[in-house]
Amino acid sequence: MGYVLSIFLNALQTWLYTKLWDSFFIRRFSGRKFWSYWLLWTAITTVIINVLPYDYDYINILRFLIEIALDYAMSLTLYRSRWDRRLFVVITGYSCFFSIAALTERALLFYSGMTQAEYVYNKPLYTAFLFLRWLCIVAFVMLIRRFHTPPPESGKPRAWIPALTLFPLCTLFVLYQVYDAGSAAGENNAWMFCLLVMCAVDMVALFLLDHWNPLRRCGKRWPLHTSVRKFRQPMLRR
């Protein structure tokens, strides 16, 4: 039963990633070919994540790095995009999914007064709330799809430069600190707050960079070259 649930949730997660990435990238394939590659990557991700052992001290850190690498590889296979923009979107999407899941779980524990162990061993509650967390993630993806569309295939976002990868790298560092803090409640809560801030900053940056066109602004509103009208001098009477 546990493996069946893991396969289902992993398929749901990769499907939601495609829906999120559809808002930022152009697909390489269409129809059955696209979904065949998606199914292949879902199987690869499911096998790798379930094969990874749990008995190492830093296994959580290794797992999230491996998951992000798999997400990047899947995005590279399925979509066209610049490498820096792809890295930005993949890390931001992973961090947002993680933040939503973690916050909904903490909200339940706070209002119910349950401990983490009581929550995990309460199978009916744990399963029901697991699906509730994913409903929150679905709502987040639908919200992004409502307000953001990918740039045309022939045009690329002009405001993008490789230096902007500093944003997702900072988010990656904060995510590492969240995993590394572990069960230290106070420190973990502080890093979780930082992760929320970084997720919000990254999403705002994505929207601004995709919609801001400095060349169009300069060309239409702030012209660089203006022509001066020539006036004929009045003729002098003799």
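With respect to the overall build of the protein
1) Next: What the protein contains, in helices and strands, is nine helices and two strands.
2) Next: Sorting the 238 residues of the protein into buried and exposed places 39% on the buried side.
3) Next: Looking at the protein alone, contacts between residues at least 24 apart form 77% of all its contacts between residues at least 6 apart.
4) Next: Summing over all exposed atoms, the protein offers an accessible surface of approximately 15100 Å²; the carbon and sulfur share of this is 66%.

Quick look at the environment of C96
1) Next: With respect to the helices and strands, C96 occurs in helix α4 (residues 83–112).
2) Next: For C96, a relative accessible area of 6% translates into the label buried.
3) Next: Between the alpha carbons of C96 and F140 there is a distance of 8.8 Å; along the sequence they are 44 residues apart.

Examining the confidence of the model for the protein
1) Next: Confidence in the prediction of the protein, expressed as mean pLDDT, is 79, and 76% of residues score 70 or more.
2) Next: Within the protein, helix α9 (residues 214–221) has the poorest average pLDDT of any element, 46, and strand β2 (residues 79–80) the best, 93.
3) Next: Note on residues 234–238: pLDDT under 50 across the span, and zero contacts to partners over four residues away in sequence or across chains.

Notes on α4
1) Next: With 30 residues, α4 should reach 44 Å at 1.5 Å per residue; the first-to-last C-alpha distance of 44 Å fits that figure.
2) Next: The element α4 is extensively covered by neighbouring structure, given that 22 of its 30 residues are classed as buried.
3) Next: Looking one or two places after α4, you find G113, whose phi comes out positive at around 75°.

Thoughts on the side chain of N10
1) Next: Note that N10 resides in helix α1 (residues 2–21).
2) Next: Owing to a relative accessible area of 10%, N10 belongs among the buried residues under this scheme.
3) Next: Reaching out from N10, the side chain makes a polar contact with the side chain of T46 at a distance of 2.6 Å.
4) Next: If we skip the residues at most four places from it in the chain, N10 touches T42, T45 and T46.

Observations regarding a nonpolar patch on the surface
1) Next: Side chains of F193, V197 and V201 sit close together on the surface and give an oily, nonpolar patch of about 260 Å² of accessible area.
2) Next: Counting through the fold element by element, F193 comes out in helix α8 (residues 185–211).
3) Next: When its relative accessible area of 55% is taken as the criterion, F193 is described as exposed.

Conventions adopted
Per-chain numbering applies: the sequence of each chain, read as written, is numbered from 1 onward. In keeping with the model being predicted, local features are shown solely for residues with a pLDDT of at least 70 and side-chain atom pairs are shown and tallied solely at 80 or more, while totals for entire chains, interfaces and linings include all residues. Values shown for side chains rest on all heavy atoms present in the structure; no hydrogens or waters enter the calculation. In DSSP terms, a helix is any run of H or I states spanning at least four residues, a strand is any run of E spanning at least two, and both are numbered starting from the N terminus. For every residue, the accessible area (1.4 Å probe, protein chains only) is compared with the maximum for its type, and the residue is labelled buried under 20%, exposed over 50%, or partly exposed between those bounds. Two residues form a contact once any of their heavy atoms are found within 4.5 Å. In these tables, accessible area is a Shrake-Rupley quantity obtained with a 1.4 Å probe, and a residue counts as shielded only by the protein chains included in the view. Confidence scores labelled pLDDT are given residue by residue by the predictor and lie between 0 and 100. The span one expects for a helix is its residue count, reduced by one, times 1.5 Å. Residues adjacent in sequence count toward polar contacts only when both atoms are side-chain atoms; beyond that, a polar contact is any pair of N or O atoms within 3.5 Å, and within protein one must be able to donate a hydrogen and the other to accept it. Only residues whose relative accessible area exceeds 30% and that form no salt bridge are eligible for patches; like-charged ones are grouped when within 9 Å, while nonpolar side chains (Val, Leu, Ile, Met, Phe, Trp, Tyr) are grouped when within 5 Å. Throughout this description, the term salt bridge denotes a Lys or Arg side-chain nitrogen within 4 Å of a carboxyl oxygen of Asp or Glu.

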